[in-house]
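# Structural description and commentary
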Amino acid sequence: LGPYQLETQVGRGAFGEVWRAMDTRLRRPVAIKTPRSDVSFTAEDLERFKAEALRVALLRHPNITAVFDVGHIGERPY
């Protein structure tokens, strides 16, 4: 997925999947959240996914994972 090498799926919900991955640019482990690959979503659903990432990126709390990147590869957002 772009500069991220997906390794293992670590979580799955109604909308998204979370993957353990490697950031190949910075050579460090990361978590990547994407919409589920087995479900079709509307453009509105995908816009909500992006909006969630932007909101979470503003949060600073020891129990919330920081957001360092948001984007998409082709039609697949992360």
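Fair warning: this is a prediction, and the values are worked out from it, not measured in the lab.

## Describing the sheet that holds strand 2 (residues 16-23)
Here three strands make up an open sheet; going across it, the order is 1-2-3 and the pairing antiparallel. The open sheet is flanked by strand 1 (4-12) and strand 3 (28-35), the only strands paired with a single partner. Across the sheet, the mean angle separating the axes of adjacent strands is 30 degrees when strand polarity is ignored. Two elements, strand 1 and strand 2, share seven bridges in a ladder whose sense is antiparallel. Bridge assignment links glycine 11 to a residue of strand 2, and that residue is valine 18.

## Things to note about helix 1 (residues 43-57)
Helical periodicity: at 3.6 residues per turn, an α-helix aligns residues three or four positions apart in one direction. Look at helix 1: 21 Å from first C-alpha to last across 15 residues, which is about the 21 Å you get at 1.5 Å a residue. Every buried residue of helix 1 is listed here: Asp45, Phe49 and Ala53. Summarising the axial view, the buried residues of helix 1 lie within an arc of 90 degrees, below the 170-degree limit, and thus occupy one face. Helix 1 presents Ala43, Glu44, Glu47 and Arg55 as exposed residues on the side facing more than 90 degrees away from its buried surface. Where helix 1 is buried, its residues contact strand 3 and strand 5 (76-77).

## Considering the packing of aromatic side chains
Taken as a whole and assessed by the stated rule, the structure comprises three aromatic pairs. Here tyrosine 4 and tyrosine 78 contribute two aromatic rings whose centre-to-centre distance is 5.6 Å and whose plane-to-plane angle is 65 degrees, an arrangement assigned as edge-to-face. With tyrosine 4 in strand 1 and tyrosine 78 in the segment after strand 5, this pair connects stretches of sequence that are 74 residues apart. In this structure, tyrosine 4 and tyrosine 78 share a single accessibility class: buried. Put simply, the rings of Phe15, Phe41 and Phe49 touch in pairs and so form one group of aromatic residues. In this arrangement the basic side chain of arginine 28 is found over the ring face of phenylalanine 68, its NZ or CZ atom lying 5.1 Å from the centre.

## Some details on the side chain of threonine 34
Counting through the fold element by element, threonine 34 comes out in strand 3. One polar contact links threonine 34 to arginine 76, side chain to side chain, over a distance of 3.1 Å. Setting aside its immediate chain neighbours within four residues, threonine 34 contacts Leu1, Phe15, Gly16, Glu17, Trp19, Phe49, Arg76, Pro77 and Tyr78.

What counts as what
Residues numbered from 1 in each chain as written. Predicted model: local features only at pLDDT ≥ 70, side-chain atom pairs only at ≥ 80, totals over all residues. Heavy atoms only, no water. Pairing = 2+ DSSP bridges. Helix = DSSP H or I, 4+ residues; strand = E, 2+ residues; numbered from the N terminus. Axes fitted to C-alpha atoms, helices over the stretch in contact; angles between N-to-C directions. Expected span 1.5 Å × (residues − 1). Buried < 20%, exposed > 50% of the residue type's maximum accessible area, 1.4 Å probe, protein only. Arc of directions from axis to C-beta. Contact = heavy atoms within 4.5 Å. Phe/Tyr/Trp six-rings, centres within 6.5 Å; stacked < 30°, edge-to-face > 60°. Lys NZ or Arg CZ within 6 Å of the ring centre and 35° of its normal. Polar contact = N/O pair within 3.5 Å; in protein donor to acceptor, adjacent residues only side chain to side chain.

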